[in-house]
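Commentary on secondary and tertiary structure
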Amino acid sequence: MCGRYNLTATPEQMIDTFGLHRLPRYEASYNIPPGQKILTIVKLSDGSNKAVNLHWGLIPHWSKDSKISSHLINARAETLSEKPSFKTAYQQRRCLIPASGFYEWQQSEHGKQAYNINRKDQKIFAFAGLWEYWDHGTETIYSCTIITTQANALMSPIHHRMPVIIDNNNYNSWLDKQTSQQTTQGILSMDGSQGMIAKPISDWVNNPHHNDKNCLN
């Protein structure tokens, strides 16, 4: 799964990496939990990329209320085309979720050990995501979820699941709703995490209210 991550890139790095014209209000964050608005990249009808803030925890358009959001922070890559919560979004509303690193906890007989997983070169990368809009009378919520897959060789000693990391050469294909499902399935099956490392860190990050550089160490 993916339940916590960090985004510490500069605005200039974000704009350059994702081909943006501008960013909405943005501040680096060392400990991003579900249930809040997160920076997300979507493609507009004119073909340009736009950065928007979406609620992390997807709310399907057919849901009677927004409480389902807390159960849909992640979506399994293996069943996207089958699950009612994700099927339409997978076909029409794919997004990228920028990150500088993500956290995972390794279970052992001695307790939980937190890890920060990031690129060796410290460059920004992106999770595969889906977005939705929920219109309920006077309230409209735009939300998103992070897609996960089976852990690779780096992650499997820590946890059996991990976020899908999109290779930067596939950003445009992933965002374009005209891209075929066969192609998007291929993108999801690629391991875009080459050049990443997993570093054991302190339990400071365990508290989602802690949001400073100590989360990285």
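What counts as what
Residues numbered from 1 in each chain as written. Predicted model: local features only at pLDDT ≥ 70, side-chain atom pairs only at ≥ 80, totals over all residues. Heavy atoms only, no water. Helix = DSSP H or I, 4+ residues; strand = E, 2+ residues; numbered from the N terminus. Rg over C-alpha atoms; globule rule 2.2 N^0.38 Å. Buried < 20%, exposed > 50% of the residue type's maximum accessible area, 1.4 Å probe, protein only. Salt bridge = Lys/Arg side-chain N within 4 Å of Asp/Glu carboxyl O. Core = buried A, V, L, I, M, F, W, Y, C linked by side-chain atoms within 4.5 Å. Contact = heavy atoms within 4.5 Å. Phe/Tyr/Trp six-rings, centres within 6.5 Å; stacked < 30°, edge-to-face > 60°. Lys NZ or Arg CZ within 6 Å of the ring centre and 35° of its normal. Pairing = 2+ DSSP bridges.

As a further point, take the overall build of the protein chain. Helix and strand content of the protein chain: four helices and twelve strands. Against the globule reference of 17 Å for 217 residues, the protein chain gives a C-alpha radius of gyration of 17 Å, in line with a compact fold. Along the first, second and third principal axes, the C-alpha set of the protein chain runs to 45 × 35 × 35 Å. Per-residue burial over the protein chain gives 48% buried out of 217 residues.

Moving on to the pattern of salt bridges. Taken as a whole and assessed by the stated rule, the structure comprises three salt bridges. A salt bridge links Arg161 to Glu78, with the shortest nitrogen-to-oxygen separation between them at 2.9 Å. Residue Arg161 is found in strand β11 (residues 161-163), and its partner Glu78 is found in the loop between β5 (74-76) and α2 (87-92); the two are separated by 83 residues along the sequence. By relative accessible area, Glu78 is classed as partly exposed at 35%. The residue Arg93 makes a salt bridge to Glu132 at a minimum N-O spacing of 2.9 Å. Within this pair, whereas Arg93 is found in the loop between α2 and β6 (94-99), its partner Glu132 is found in strand β9 (residues 125-136), the two being separated by 39 residues in sequence. Overall, the relative accessible area of 2% leaves Glu132 in the buried class.

For soluble globular proteins, nonpolar side chains are generally found buried alongside one another. Tyr5, Phe102, Phe127 and Trp174 are the most contacted members of the largest nonpolar core, which totals 55 residues. Examining the composition of this core, we find that five residues originate from one element, β9, more than from any other. Excluding its chain neighbours within four sequence positions, the residues that come into contact with Trp174 are Tyr90, Arg94, Cys95, Leu96, Ala128, Gly129, Leu130, Ile147, Ile166, Thr184, Ile187 and Leu188. Judged by nonpolar contacts, the second largest core, of seven residues, contains Trp105, Ala114, Ile201 and Val205.

Another point: unusual backbone geometry. You will see that Gln122, though not glycine, has its phi angle at about 70 degrees, which is positive. For Gln122, the position within the fold is in the loop between β8 (111-119) and β9. You can call Gln122 exposed: its relative accessible area is 56%.

Another point: the packing of aromatic side chains. Under the criterion given, the structure shown has eight aromatic pairs. Considering the side-chain rings of Phe18 and Tyr171, the 5.4 Å spacing of their centres and the 25 degrees angle between planes classify their relative orientation as stacked. Of the two residues, Phe18 sits in helix α1 (residues 11-18) while Tyr171 sits in helix α3 (residues 171-175), which places them 153 residues apart along the sequence. In this pair, the class of Phe18 matches that of Tyr171, namely buried. Aromatic pair Phe102 and Phe127: ring centres 6.0 Å apart, planes at 70 degrees, arrangement edge-to-face. Taken together, the residues span a long stretch of sequence, with Phe102 in strand β7 (residues 101-108) and Phe127 in strand β9 at a distance of 25 residues. One aromatic cluster in this structure is built from Tyr5, Trp56, Phe102, Phe125 and Phe127. Its end group placed over the ring of Trp131, Arg93 keeps NZ or CZ at 5.8 Å from the ring centre. Lying over the aromatic face of Trp174, Arg94 brings its terminal NZ or CZ to 5.5 Å of the ring centre.

We now examine the pairing of strand β10 (residues 139-150). Examined bridge by bridge, strand β4 (residues 49-56) and β10 share two bridges and lie parallel to one another. When the bridges of β10 are listed, Trp56 appears paired with Cys144. Alignment of β5 against β10, held across three bridges, turns out to be parallel. The partner of Asn74 across the bridge, within β10, is Ile146. The sheet contact formed by β9 and β10 spans eight bridges and is antiparallel. Looking across to β10, one finds that Trp134 is bridged to Ile141.

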